[in-house]
Amino acid sequence: MPKAQVDSLHYSNKNYLTMVRSIMHWVQAKEVSEASPDIQSVLEIGPGTGHTSWILNLWGHQVTTLDIDESLQPDIVANIKILDLPANEYDVVLAAEILEHLPYEEFEPALKKLGEIAKHAVVITLPAPLVGMSLMANLSGIRPFGLSLGIPYFKKHSFDGQHYWELGKRGYSLRKVKQSIQASGLEIVKCYRPKLSLYCYMFVLKPTH
């Protein structure tokens, strides 16, 4: 089996678990939890720090984790490119900042497999870095809300040992990514840049089987 691209200690570094990344764990858990009225079982591919799994478990969902790196102690040690799991095995499959670790030509086949495993939804996030700023308002009695403003990096992406491509960079437009998602047999229920995020883009997808 291929080796993990980063050491497991990468996730425990305080420079990795930033405030915005911590917020994203909550956003990911919220989208998974609300993907369907009867969500119970969740497969999280690439659990990283384990914070998203912790939130989902706290909310009463049954989370199974999967990763190529056995030192992270996932429930299933496997390569996302060779997933041998039954169809409709999990209500929701979550792959947050995982698919960019594959060459783009493997993006669509990987999505197709995730759609086969998921009964109700596939939730993914992809890196989509912006140059810009985030604004946030905090009013008494109202959930904090915010807005991110910026422009994408239009430069060509170079493989950095982890990411083969990133959304918004030259050759990887949102339109192209949406076309690949649809070609994989998944319907886009929603896609958006989470509040305060200058780095990633969220997709909630529905299998058409």
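You'll find the structure just up there.
Every chain is numbered independently, its residues counted from 1 as its sequence is written. For this predicted model, a pLDDT threshold of at least 70 governs which residues receive local features, and a threshold of 80 or more governs which side-chain atom pairs are given and counted, while totals over whole chains, interfaces and linings are taken from all residues. Hydrogens and water are ignored here; the side-chain numbers use all heavy atoms of the structure.

**As for the sheet that holds strand 3 (residues 76–77)**
We count it as follows: Pairing between strands requires that DSSP locate at least two bridges from one strand to the other. A run of H or I in DSSP counts as a helix once it spans at least four residues, and a run of E counts as a strand once it spans at least two, with each numbered from the N terminus. We call two residues in contact whenever any of their non-hydrogen atoms come within 4.5 Å of each other. Angles shown run from 0 to 180 degrees and are taken between the N-to-C directions of axes, each axis being a line fitted to C-alpha atoms and, for helices, limited to the stretch in contact.
Overall, mixed pairing links the seven strands, which are arranged 3-2-1-4-5-9-8 in an open sheet. Taken across any chain shown, the strands that pair with only one partner, and hence form the sheet edges, are strand 3 and strand 8 (186–192). Sheet strands in contact with helix 2 (residues 51–58) are strand 1 (41–45), strand 2 (62–67) and strand 4 (90–96), and its direction is about 165° off that of strand 2. In this fold helix 4 (residues 174–183) packs onto strand 5 (118–127), strand 8 and strand 9 (200–207), with an angle of close to 150° to the strand it touches most, strand 8.

**Some thoughts on unusual backbone geometry**
Trans peptide bonds make up most of the peptide bonds, and negative phi angles are found at most residues other than glycine. Let me state the cut-off plainly: Residue exposure (1.4 Å probe, protein chains only): buried if accessible area is under 20% of the type maximum, exposed if over 50%, otherwise partly exposed.
Phi is positive for Gln73, close to 55°, though the residue is something other than glycine. Its place among the elements puts Gln73 in the loop between strand 2 and strand 3. Its relative accessible area of 69% is what places Gln73 among the exposed residues. Here the phi dihedral of Glu97 falls at roughly 55°; this positive angle occurs in a residue that is not glycine. Judged by relative accessible area, Glu97 falls into the buried class, the value being 18%.

**Considerations on the environment of Leu126**
Among the structural elements, Leu126 can be located in strand 5. Under the relative-accessibility criterion, Leu126 is labelled buried at 0%. Put simply, Leu126 and Trp165 are 39 residues apart on the chain and 9.6 Å apart in space, counted from C-alpha to C-alpha. With near-sequence residues (within four places) excluded, Leu126 lies in contact with Leu99, Glu100, Phe107, Trp165, Val177, Tyr199, Cys200, Tyr201 and Phe203.

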